[in-house]
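# Chain and residue survey
Listed below, chain by chain, are the residues.
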Amino acid sequence: MLYNDLLKFSYKRLKDFFKNVSTFENQFEWTEFSNICYNKMYGNNSYERFCTTAELRKEIPELPGMCKKCREYFLHPRNKSKVVYDVMMGRLFEDILIDFLNSQCKIKAARADNQNKKYPDCMILGKDKGILAYFEVKYHCAPFILANQKIGRYCYEGSATLDQKKIIKQLEIIESDIDRPVFYLHWIDYPCLKGVFFETSEQIKDYLYNPDNVFKRQRREGDNDKGPQSVYLHKVYSPLLSMGSFEEFAEKIKGLEK
């Protein structure tokens, strides 16, 4: 599986970066339990016949115990968010995916033009070095434990977060300035579900403006270290089962190259 290859490829860099940070017990790991969860929660799941968490706990023997640990860990108050650290962490995941695509998938990926900060952060280049597509990377390790209570969705399916105002601004730029496909890659690393999944800017537009999909989070202490324009309280949660897999993303990019 491509995600397992990605973890092996990036293991040392991730462990070095997070060596002084508290992480969940199976963060950055892929096990047989991960494989079962991936197949049950994503591969063999659909919105036509959706698996609830109650059903999944009956089908996956290890899941009830993992859910208990997950709740205890992620419902505790989080560490203060530090802007500099968050930026460094975001760049790490982008760099890892860029390097992996280049060396393991034979896809020419690079950082996008730093002159225009409002453009997506990463790009795919063709053989002639022209830009084929852009992509953004979002890393998610903390499930929205209260998703069912707050937004009427299950935690494993409704925890991939986007900042509503930020993404609206970016979609406006994509619409007016970028005549290329734009992909959003969600690196999901929950205690149960793990993998890289993607959606397109067109898919996001379909649900972004629906008020039923928006949730306003509470302010956190770390927000006080940011400028008002950098604090995004309104969140939308991407629908997992509408996303493509990491393998499908690689194939789609190779199709663009042809």
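Here goes a summary of the coordinates provided. Since the structure is predicted, the reported quantities are computational estimates derived from the model, not experimental observations. (Residues numbered from 1 in each chain as written. Predicted model: local features only at pLDDT ≥ 70, side-chain atom pairs only at ≥ 80, totals over all residues. Heavy atoms only, no water.)

### Concerning unusual backbone geometry
Unusually for a residue other than glycine, lysine 106 sits at a positive phi of about 60°. For lysine 106, a relative accessible area of 63% puts it in the exposed group. (Buried < 20%, exposed > 50% of the residue type's maximum accessible area, 1.4 Å probe, protein only.)

### Observations concerning helix H2 (residues 32-43)
All of the buried residues in H2 are Phe33, Ser34, Cys37, Tyr38, Met41 and Tyr42. Taken down its axis, H2 places every buried residue within 135° of arc, on the same side. Lining the buried residues of H2 we find helix H3 (53-59), helix H4 (63-74), strand E6 (194-200), strand E9 (244-245) and helix H9 (246-257). Regarding H2, its N-cap is threonine 31, as a side-chain oxygen of that residue lies 3.3 Å from the backbone nitrogen of phenylalanine 33 further along. (Helix = DSSP H or I, 4+ residues; strand = E, 2+ residues; numbered from the N terminus. Arc of directions from axis to C-beta. Contact = heavy atoms within 4.5 Å. Polar contact = N/O pair within 3.5 Å; in protein donor to acceptor, adjacent residues only side chain to side chain.)

### Regarding the sheet that holds E9
Taken together, 6 strands build an open sheet; the order of strands is E1-E2-E3-E5-E6-E9 and the sheet is mixed. Two strands in the sheet have a free side with no partner beyond their single neighbour: strand E1 (109-111) and E9. Looking at chain direction, strand E2 (residues 122-125) and strand E3 (residues 131-140) are connected through 4 bridges and run antiparallel. Within E3, the position partnered with isoleucine 124 by the bridge is alanine 133. Contacts from helix H8 (residues 201-208) reach strand E5 (182-189) and E6, with the element oriented near 80° to E6. (Pairing = 2+ DSSP bridges. Axes fitted to C-alpha atoms, helices over the stretch in contact; angles between N-to-C directions.)

### Description of the layout of surface pockets
Within this model, the second largest pocket holds a volume of roughly 360 Å³. Residue lining of the second largest pocket: 21 residues in total, with Thr53, Arg57, Arg71, Ile145 and Cys155 positioned closest to the centre. Where the lining of the second largest pocket is concerned, the elements lending two or more residues are H3, H4 and helix H6 (147-151). Per-element tally for the lining of the second largest pocket: the top contributor is H4, with 5 residues. Of the residues belonging to the lining of the second largest pocket, the class tally is 15 nonpolar, 3 polar and 3 charged. (1 Å grid on protein atoms, 1.4 Å probe; cavity = no way out; pocket = protein on both sides within 12 Å on 5 of 7 lines; lining within 4 Å. Points joined across faces, edges and corners; volume = space filled by probe spheres on them. Nonpolar A, V, L, I, M, F, W, Y, C, P; charged D, E, K, R; others polar.)

### Observations concerning the pairing of E3
For E3, the tally of buried residues reaches 8 of 10 residues, placing the bulk of the element in the interior. Here E2 hands over to E3 after 5 residues, with lysine 129 in that stretch at a positive phi of 70°. Strand direction decides the pairing type here: E3 and E5, joined by 7 bridges, are parallel. Paired with lysine 138 across the strands is histidine 186, a residue of E5.

### Overview of the nonpolar core
Leu6, Leu101, Phe135, Trp187, Cys192, Leu193 and Phe246 are the most contacted members of the largest nonpolar core, which has 58 residues in total. Element by element, the count of residues in this core is highest for helix H5 (residues 83-104), at 7 residues. Leaving out residues up to four positions away in the same chain, leucine 101 has contacts with Lys106, Ile107, Ala109, Ile124, Phe135, Phe246 and Phe249. Ile168, Val182, Ile204 and Val236 belong to the second largest nonpolar core, which has 19 residues in total. (Core = buried A, V, L, I, M, F, W, Y, C linked by side-chain atoms within 4.5 Å.)

Any link to function would need more than the numbers given here.
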